[in-house]
Amino acid sequence: MTATAPREEQLWSRCAGCASLLYRKRLRRNLDVCPECGEHARLGAPERLRQLVDPGSLRLLPDRLPEADPLEFVDVLPYPHRLTGARASSGLAEGVVCATATIGGHPVALAVMDFRFLGGSLGCAVGELITRAAERALDDRTPLVLVTASGGARMQEGALSLMQMATVSQAIAALREAGLLTVSVLTDPTYGGVAASFATNTDLVLAESGARMGFAGPRVIRQITGRALPEGFQTADFLLRHGQVDMVVQRRSLRGRLVALLAATRAGRPARPPVPRQEPASRRERLADDGAALARPAVEGDAGTPEAGDTPGVRDAWDTVRTARHPGRPTTLDYLDSVFDGFVELHGDRLGADCPAIVGGVARLAGRHVMVIGHQKGHTTAELVARNFGMASPAGHRKALRLMRLAARLGLPVVTLVDTPGADPGVSAEEQGQAAAIAENILTLTVLPTPVLAVITGEGGSGGALALAVADRVLMLENAVYSVISPEGCAAILWPDRSAAPQAARALRLTAPDLCRLGVVDEVVSEPTSAAHDDPAETARRLRAALLANLLPLLDVPPAMLVRLRRQRFRRFGANRAGARAGLR
Ligand SMILES: [Zn+2]
C-alpha cells in the first residue's frame, strides 16, 4: 500500500456489488447507493438518521448506560475489551442510536441500529435503549420507527440478551394497545433475535432494497440441511413474495414512503385516546411491593442445588448440557401422562399445518383445568425424527399462539414445558415466516391476560424456547439448560473451533443455578440424585409439587395485575444489569 492510499481511500470507494471505483462524494450524494449497479451499501446509524429525518429536528436520546458484563464472559478476549474496541472503531456508545425527530413534519421516536458495533448485536444496553425510545413514543404519543441491522443476540450476555427480545416486544405491545403506529425498516442484515422480535412484530414492516432478513442465517441452514439454498433466499424480494413484509423500498424512496405512511395513519387516529400513560409514583411503588410479595425467594431452600462452579463435586456446565439432551429424559408427553390428568390434545394452526414438535391441549393439574403447551422430542431415533427433534416450525409456534389465546378466552392458566434445541433451521421454516411467528408469540405472552407458568424441562434453545417462556414464573429443572445459543454454535463463532463447546457452556452461564442468580429463572426444581431419566416418577412428583406451589398464588391475581407484574419482570433485565452482575458472585 502506498503512502497516498489512505487519502485515496477517502476520496474513492469500491462498490461491493459491481466493483466499480466510485467517487466518494458522488456516492454519498446518491445515499450510498451505487449509481452503476444499484447496490445499497450499509449505513451507520448517524448517516441513516441524517437521510431520514427533517433537517434540524433531530434530538438524540441519552445513550450512556452503566458498563456491564453480567456474565463476566471471556472467550479468546474478555467482553469489556470487545466493547472498548467497538466504541473506538464506531464512535458510538452502543449498537443503537435513539432519537426524537420529525419526518415530513410528523413527530416520531426512532431507534436505529448500527451493524458496525459488534454486528448490531442485541445486548442488554441495546434492548434498554430501544425500550426507552418506545416508552418515549408512548409518553409523547408519537409513532415509533425502528431501523434494524443485526446479526442477532449478543452471545457475551447470554440469556440476558435473549430476555431483551421480550423486553422490547412488550414495549411494542404497549404502543399497539395505545393505538400508536410502530414501523420497522429492515436493512441488511437483520437476523436472529432481532428478526424474531421487534423487527417483525411491528404494525408495518418495510424492507430496504437489498436487505436480507431471517431467523436462522444462511450458513447455519446450509450446514444443517446440507442443501444448497434457493436463489435469492431471505432477500427483500423473497420476503415480499412469502408475505413477510409490506413492501420493498429503494433507499431513495424510503423517507417519502415513511412520510406517506405516517400521514395516512395519523389521519385515522383519534387525537388523544383515553389510555393510561403512566402510573403515579405511589401506585408504581405499590405495584413493586405487590411484585415483591408475589415473587418467592429464588434459589434458597427451593432446589437444594449447590452453587455451580463454587462447590467441589458439582456437575460441570458441559455435563449438564449432555444430561439435558439425554434421550431417556422425560418428554412433554411423558409429563402430560405423569404430572397431569385427562390431557386432551388439540391440533393445528388453522392456517394449513399441524407441527408435531409442539403438543398442546387441555389437561387437569390436581383437579384444576389448565392449558399445557410444550415441545415434544422423543426417546428413540424414530420418535425424534417424527417430532423434528423438538424443533418447532412456524406452524408449531402459530398452534401455540392459538392455544394461548384460547386459554385466555376460556380463563385457563397456561403451563408451558420447554425442551427444544431451538427453532427449525430449515428453508421452508424461513419461507413461512419463522421470525415473525416467534416474535408474535413473545409479544402475545407479554400481555396474555391469564396466568402463565413456564418450565424449562430439558434444552431451552434461544428464541425457539423464549417463544414459550415469557411467563409470570419461570421454573427450571436442575439439569436443564437455557441459552441464547448452543455451546457448539457459540464456540464456532467466538473460539477457533467447535471443540471449545465445553468452555462456551461454562462462559454462557446456562445452568439453572446461574440463571436463578441472574433472575432469568425464578426457581430450580431439583432432580433425583443422578438425573431425571434415572427416576422419572420422582421427577414428575417434584415437578407437580413445584407447578402447584407456583400456580396457585397466580390464580388469585387479577389478570390486569398479572400482566403488569409480568411486564415488570421482563422490564428489569435491561435496567438492573449491575444487580445481576453482583448476583453472580
Ligand atoms: Zn455497483
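All figures in this text were calculated on a predicted structure; none of them were measured in a lab. (Residues numbered from 1 in each chain as written. Predicted model: local features only at pLDDT ≥ 70, side-chain atom pairs only at ≥ 80, totals over all residues. Heavy atoms only, no water.)

K.L.:
Can you explain the overall build of the protein chain? Please cite residues and give values.
P.N.:
In terms of helices and strands, the protein chain carries 24 helices and 18 strands. By the burial criterion, 56% of the 585 residues in the protein chain qualify as buried. Split by element, the accessible area of the protein chain, about 23,200 Å² in all, is 54% carbon and sulfur. (Helix = DSSP H or I, 4+ residues; strand = E, 2+ residues; numbered from the N terminus. Buried < 20%, exposed > 50% of the residue type's maximum accessible area, 1.4 Å probe, protein only. Areas by Shrake-Rupley, 256 points an atom, 1.4 Å probe, with all protein chains shown as cover.)

K.L.:
Kindly report on the coordination of the zinc ion, identifying the contributing residues and their values.
P.N.:
Within the protein, the atoms that donate to the zinc ion are Cys15 (SG), Cys18 (SG), Cys34 (SG) and Cys37 (SG), at distances of 2.3 to 2.4 Å. Counting residues between consecutive donors of the zinc ion along the chain gives the motif C-x2-C-x15-C-x2-C. A residue pair is termed long-range when its members are at least 10 positions apart, and Cys18 in the loop between strand 1 (12–14) and strand 2 (21–23) and Cys34 in the loop between helix 2 (24–29) and helix 3 (45–52) qualify at 16 residues. For Cys18, a relative accessible area of 33% corresponds to the partly exposed category. (Donors = N, O, S within 2.8 Å, 3.2 Å for Na, K, Ca; no water.)

K.L.:
Describe the pattern of salt bridges, listing the residues and the values that go with them.
P.N.:
According to the stated counting rule, one finds 37 salt bridges in the structure shown. The salt bridge partner of Arg325 is Glu459, with a shortest N-O separation of 3.1 Å. Here Arg325, found in the loop between helix 12 (317–324) and helix 13 (332–338), pairs with Glu459, found in strand 15 (residues 452–461); they are 134 residues apart in sequence, far enough to count as distant. A salt bridge links Arg329 to Glu527, with the nearest nitrogen and oxygen atoms 2.6 Å apart. Here Arg329 is found in the loop between helix 12 and helix 13, whereas its partner Glu527 is found in the loop between strand 18 (523–525) and helix 22 (536–555), with 198 residues between them in sequence. Of the residues examined, Arg329 reaches a relative accessible area of 3% and is grouped as buried. (Salt bridge = Lys/Arg side-chain N within 4 Å of Asp/Glu carboxyl O.)

K.L.:
Give me unusual backbone geometry: which residues, what numbers.
P.N.:
With omega at -10°, the peptide bond leading from Asp188 into Pro189 counts as cis. Summarising the element assignment, Pro189 is placed in strand 7 (residues 182–191). The phi dihedral of Arg350 is positive, around 65°, even though this residue is not glycine. Looking at the element boundaries, Arg350 is found in the loop between strand 11 (341–345) and strand 12 (358–365). Non-glycine residue Phe389 carries a positive phi angle of around 55°. Note that Phe389 resides in the loop between helix 14 (381–386) and helix 15 (394–410). With relative accessibility at 37%, the residue Phe389 sits in the partly exposed group.

K.L.:
Would you mind going over the packing of aromatic side chains in detail, with residue names and values included?
P.N.:
In total, this model carries four aromatic pairs according to the counting rule given. Just above the ring of Phe115 sits the side chain of Arg42; from NZ or CZ to the centre is 4.6 Å. Against the face of Phe570 rests Arg569, its NZ or CZ located 5.0 Å from the ring centre. (Phe/Tyr/Trp six-rings, centres within 6.5 Å; stacked < 30°, edge-to-face > 60°. Lys NZ or Arg CZ within 6 Å of the ring centre and 35° of its normal.)

K.L.:
I'd love a proper account of the packing of helix 6 (residues 158–177) against helix 17 (residues 434–447), names of residues and values included.
P.N.:
Running from N to C, helix 6 and helix 17 cross one another at 70°; their axes reach a closest spacing of 8 Å. Judged by the angle between their axes, helix 6 and helix 17 are roughly perpendicular. Helix 17 is crossed by helix 6, and the crossing has right-handed handedness. Contacts from Met165, Ala166, Ser169, Gln170, Ile172, Ala173, Arg176 and Glu177 in helix 6 reach Glu440, Ile442, Leu443, Thr446 and Val447 in helix 17. (Axes fitted to C-alpha atoms, helices over the stretch in contact; angles between N-to-C directions. Parallel < 35°, antiparallel > 145°, perpendicular 65-115°, else oblique. Left-handed = near helix turned anticlockwise from the far one by under 90°. Contact = heavy atoms within 4.5 Å.)

K.L.:
Give me the packing of helix 15 against helix 17: which residues, what numbers.
P.N.:
In contact at an axis separation of 9 Å, helix 15 and helix 17 are set at 20° when each is read in the N-to-C sense. One element, helix 15, and the other, helix 17, form an angle in the roughly parallel class. The handedness of the crossing between helix 15 and helix 17 is left-handed. Counted together, Pro394, His397, Arg398, Ala400, Leu401, Met404 and Arg405 of helix 15 and Gln434, Ala437, Ile438, Glu440, Asn441, Thr444 and Leu445 of helix 17 form the full contact between these two elements. Across the contact of helix 15 with helix 17, the residue classes break down as seven nonpolar, four polar and three charged. (Nonpolar A, V, L, I, M, F, W, Y, C, P; charged D, E, K, R; others polar.)

K.L.:
How would you summarise the environment of Asp75 if you had to cite specific residues and measurements?
P.N.:
Mapped onto the elements, Asp75 comes out in the loop between strand 3 (59–60) and helix 4 (79–90). Residues within four places of Asp75 in sequence aside, it is in contact with Arg82, Gln156, Leu494 and Trp495. A polar side-chain atom of Asp75 sits 2.4 Å from a polar atom in the side chain of Arg82. (Polar contact = N/O pair within 3.5 Å; in protein donor to acceptor, adjacent residues only side chain to side chain.)

K.L.:
Could you give an account of the side chain of Thr420, with specific residues and numbers?
P.N.:
Here Thr420 lies in strand 14 (residues 414–420). At 2.7 Å, the side chain of Thr420 and the backbone oxygen of Gly390 are in polar contact. Here the side chain of Thr420 touches Gly422 through a polar contact of 2.9 Å, landing on its backbone oxygen. For Thr420, the residues in contact, after removing those within four places along its chain, are His375, Lys377, Gly390, Met391, Glu459, Gly460, Gly461, Gly464 and Ala465.

K.L.:
Explain the side chain of Ser462 to me, and be specific about the residues and the numbers.
P.N.:
Structurally, Ser462 is set in helix 18 (residues 462–466). By relative accessible area, Ser462 is classed as buried at 15%. Once residues within four sequence positions are removed from consideration, Ser462 is found in contact with Leu162, Phe215, Ser483 and Val484.

K.L.:
Go over helix 15, please, and point to the residues and values.
P.N.:
End to end, helix 15 covers 24 Å across 17 residues, agreeing with the expected 24 Å (1.5 Å per residue, within 8%). Taken residue by residue, helix 15 has Pro394, Ala395, Gly396, His397, Lys399, Ala400, Leu401, Leu403, Met404, Leu406 and Ala407 as its buried positions. Its buried side turned inward, helix 15 meets strand 12, strand 13 (368–375), strand 14, helix 16 (427–431), helix 17 and helix 18. One or two positions beyond helix 15, positive phi appears at Gly411, with a value near 75°. (Expected span 1.5 Å × (residues − 1).)

K.L.:
Requested: an account of the pairing of strand 13, with residues and values cited.
P.N.:
Taken across its eight residues, strand 13 has six buried, putting it largely inside the fold. The pairing of strand 12 with strand 13 spans eight bridges and is classified as antiparallel. By the bridge assignment, Val359 is partnered in strand 13 with Gly374. The turn linking strand 12 back onto strand 13 is made up of two residues, and Ala366 within it adopts a positive phi angle of 50°. With four bridges connecting them, strand 13 and strand 14 associate as parallel partners. Residue Val372 lies in a different strand from strand 14, and its bridge partner there is Val415. (Pairing = 2+ DSSP bridges.)

K.L.:
Let's hear about the pairing of strand 7: which residues, and what values?
P.N.:
Most of strand 7 sits inside the fold, with 10 of its 10 residues counted as buried. As paired elements, strand 6 (residues 144–150) and strand 7 share six bridges and run parallel to each other. Among the inter-strand pairings, Leu146 is bridged to a residue of strand 7, identified as Ser184. Read as a crossover between parallel neighbours, the route from strand 6 over helix 6 to strand 7 is right-handed. Two strands pair when backbone bridges link them, and strand 7 and strand 8 (residues 204–208) are joined in this way by four bridges, in the parallel orientation. Looking at the pairing, Ser184 lines up with Val205 of strand 8. Note that strand 7 and strand 9 (residues 213–214) share two bridges and pair parallel. Directly across from Thr190, in strand 9, lies its bridge partner Met213. (Right-handed = clockwise from strand over helix to strand, strands pointing away.)

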